[in-house]
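# Fold and geometry: a report
These are the residues of each chain, in order.
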Amino acid sequence: MSKFRLYLEENNRSPVKQLWREFRRQHSAMTGLVLFISFFAISLLAPFITPHDPYLQVDELLLLPPSWSAAGLVQYPFGTDDLGRDLLSRMIKGTSYTFGFALITVAGALVMGLILGALAGMSKGVKSSVFNHILDLALTIPSLLLAIIIVAIIGPGLMNTTWAIMLALLPQFVHGIRNAIDEELKQDYVVAYRLDGANDWHVLSRLILPNIWEKLTIMATMAISTAILDIAALGFLGFGAQAPLSEWGAMISDSLDLIYLAPSSVAIPGLLIFTAVLSVNLVGDGLKTAILKRRQS
Amino acid sequence: MTRYLLRRLFLMGFVFLALSLLAFSLGYLFPGDVVQNVSGLRPIDDNQRQQLISYYQLDQNILQQYLAFLGRITQGDWGLSFSSQQPLLHEIKLLLPATLELAAYALLLSFIIGIPLGILAAFKPDNIIGKSISALAMVGYSLPIFWWGLLLIMFFSLALGWLPSAGRIGVLYEIPHSSGFMLYDILQADINYRNEALHNALQHLFLPTIVLATFPTTVMIRFVRDAMLNVWEQNYIKTARAKGLNRGQVLYRHGLRNALLPVIRQIGLQFSTLITLAMLTEVIFSWPGIGRWLIDSIYQRNYPAIQAGLLVISTMVITINMLTEILHAFFNPLARRG
């Protein structure tokens, strides 16, 4: 929809700049972005900024309450767990497990999905139809269930969880990318480019990829929130990160038997998971709105 | 429509073929002895092993083994559970109603709450009500369900002591098992403490249903809101407004009918999410359903049980998905193409 413009100014900003302009106008999305960047920074810097060793067990300080209660110590803001480990350091370390591994998982799934989706999108006929139906089957099974089944076969552990979730996220990526490519192939400029003598690879790399990256970003943000929730859920069930690792979901299940004594050790890791997922979702929603508005203007 | 139905049925047959192949190969993919994995019997002595190998046709080629597997599945011989040495199909029959009951109430709740809120949020997207509904949906969408469940337990069961935190019904009440659906069983049963039992069962049902319904409800709100906003932009709405219908008439005659059509499809999609989330909910609330049983089976390396659980859950999910797709196509001719 073209809008009435009072001043006929040229608007020749690059698409990224236009997108950023629309994105910046949404306060909720900016809040999400700030949170997202802080989580990302913490997950990268985790080994250097923990105030205590997250695995060091101090025998004198078992189950220390958080520092806002009368019995707490200011050196241990969130208190300690039943083995005397500092909870704040464990949560900082846990950021790289839950949040960082979610990013790695999605990046892996995105690359694999891009390759398979491009192969599927560029091929035609029976091959693509069979492939599509197999995808439909995989899509009906939720990613967490698929991940649980894969973990049941290859065994528990953080690394195995990452692979399992990567594989479980793959169908939705391939499906989305394939549809996006399909839509692009129908455009007139693709036909024109082909008439100029471009082959499949040229069309894919010069026309299609630059035109679908917006959709890819949205898909990836949605997948990151799924991946965080899945990693935490598998950790909570005991299939993901194993005992000493301070993955957030695993921390909740560790302190589950202390829920009467130290409710904050259950509440705080959960709050972190919630905040991380919320930040990703806010960014995703903001991007969606910004892209819609950019297209309209 | 007939053509569409045939294509769907063909696809469904193909999907079930793939699923049975996957379930069949699991017996070989899992670590351990194939004879044990397939039969579920343990320990097995040499004499028994020979019998089992010839019964399961494990000495034949792989195609023969697969056909034998299909035959056993259709006849209801699903092997034994490692941990209890009971027939798996029998165990599943006892557990499945508990999960279905929980999932059905949660699905119902999500529709009852989600659709009106979604419509309300779409009606005035920029005022305070619309914005707060959207914000609420965003919060619910980001909640990790196991933590949410624990918070509610901490608050309502531990701090306030209002609601029980585990199980389907108090141990005081003896309910004769007929269908496995608790509320139905209580209403059916010939007992003099029916009202108390019903009250107790509802108390037990309350928290798990709320927890399980949270995610689908928020998805529903967002979905209905987006669908309504989308429909509201269409030209036929403008036409309807232009010819003089008031807002309520446009909403009812044109808006809702078009916006709520894709909701039918959501039933199927939501159901598969619900079954997965039900696993987590059942673990937290010690709900004796198939999800908790499957998780326990994974802990115990109970391979025959994992295989059977996967088969049952996937069959259920796929069937419901297909049925809702067909239902959707029945109401919406546009969906029959492609």
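Conventions adopted
- Residues numbered from 1 in each chain as written.
- Chains lettered and ligands numbered in written order.
- Predicted model: local features only at pLDDT ≥ 70, side-chain atom pairs only at ≥ 80, totals over all residues.
- Helix = DSSP H or I, 4+ residues; strand = E, 2+ residues; numbered from the N terminus.
- Buried ≥ 20, exposed ≤ 12 C-beta atoms within 10 Å, placed from the backbone.
- Contact = placed C-beta atoms within 7 Å.
- Nonpolar A, V, L, I, M, F, W, Y, C, P; charged D, E, K, R; others polar.
- Axes fitted to C-alpha atoms, helices over the stretch in contact; angles between N-to-C directions.
- Parallel < 35°, antiparallel > 145°, perpendicular 65-115°, else oblique.
- Left-handed = near helix turned anticlockwise from the far one by under 90°.
- pLDDT = per-residue confidence, 0-100.

What follows deals with the overall build of chain B. Counting its regular elements, chain B contains 14 helices and 0 strands. Along chain B, helices (α) and strands (β) appear in the sequence α-α-α-α-α-α-α-α-α-α-α-α-α-α when read from the amino end. Taken along the three principal axes of its C-alpha coordinates, chain B extends 85 × 55 × 40 Å. Considering chain B as a whole, with its 338 residues, one finds that 37% of them fall into the buried category. The contacts in chain B between residues at least 6 apart in sequence include a share of 70% that link residues at least 24 apart.

This part is about the interface of chain B and chain A. With 29 residues of chain B at the interface, the matching set in chain A holds 28 residues. Examining the composition of the side of chain B that touches chain A, we find that 6 residues originate from one element, helix α14 (residues 303-331) of chain B, more than from any other. Counted by class, the side of chain B that touches chain A contains 23 nonpolar, 6 polar and no charged residues.

It is worth spelling out the environment of Ile-252 of chain A at this point. Topologically, Ile-252 of chain A is positioned in helix α9 (residues 248-254). Sequence-distant contacts of Ile-252 of chain A, defined by excluding residues within four places in its chain, comprise Phe-236, Val-266, Pro-269 and Gly-270 of chain A together with Trp-147 of chain B.

Note that Ser-225 of chain A resides in helix α8 (residues 200-237). Judged by the 22 C-beta atoms lying within 10 Å of it, Ser-225 of chain A falls in the buried class. On a C-alpha basis, the gap between Ser-225 of chain A and Pro-142 of chain A in space is 14 Å, while along the polypeptide they are 83 residues apart. Those residues in contact with Ser-225 of chain A, other than ones at most four positions away along the chain, are Val-277, Val-280 and Asn-281 of chain A together with Ser-142 of chain B.

On to unusual backbone geometry. Of note, the phi angle at Ser-286 of chain B is positive, near 45°, even though the residue is not glycine. A residue is classified by how many C-beta atoms lie within 10 Å of it, and Ser-286 of chain B, with 12 of them, is exposed.

This brings us to the packing of helix α6 (residues 158-185) of chain A against α8 of chain A. All names here are of chain A. The interhelical angle for the contact between α6 and α8, taken along N-to-C directions, is 155°, at an axis separation of 10 Å. Classed by the angle they form, the pair α6 and α8 counts as roughly antiparallel. Crossing geometry of α6 relative to α8 is assigned as right-handed. Residues Thr-161, Ile-165, Leu-169, Phe-173, Gly-176, Ala-180, Ile-181 and Glu-184 of α6 lie in contact with α8, whose contacting residues are Leu-207, Ile-208, Asn-211, Ile-212, Lys-215, Met-219, Ala-223, Thr-226, Ala-227, Asp-230, Ile-231 and Leu-234. Its residues placed into classes, the contact of α6 with α8 shows 13 nonpolar, 4 polar and 3 charged.

Another point: the confidence of the model for chain A. On average, residues of chain A score 85 in pLDDT, and 94% of them are at 70 or above. The secondary-structure element of chain A with the lowest mean pLDDT is helix α4 (residues 126-140) of chain A, recorded at 71, while helix α2 (residues 27-49) of chain A shows the highest, at 92.

This part takes up the packing of helix α3 (residues 87-122) of chain A against helix α10 (residues 264-296) of chain A. Residues and elements named next belong to chain A. Closest axis-to-axis distance for the α3/α10 pair is 11 Å, and the angle between their directions is 35°. For the element pair α3 and α10, the recorded crossing hand is right-handed. Along its contact with α3, which presents Leu-87, Met-91, Gly-94, Thr-98 and Phe-99, the element α10 presents Ser-265, Ile-268, Pro-269, Leu-272, Ile-273 and Ala-276. Considering only residue class, the contact of α3 with α10 consists of 8 nonpolar, 3 polar and no charged.

To continue, consider the environment of Thr-50 of chain A. All names here are of chain A. Along the chain, the position of Thr-50 falls in the loop between α2 and α3. The exposure class assigned to Thr-50 is partly exposed, which follows from the 17 C-beta atoms found within 10 Å. Sequence spacing of Thr-50 and Arg-90 is 40 residues, and the spatial spacing of their C-alpha atoms is 8.0 Å. What Thr-50 contacts, discounting residues up to four positions off in sequence, is Ser-89, Ile-92 and Lys-93.

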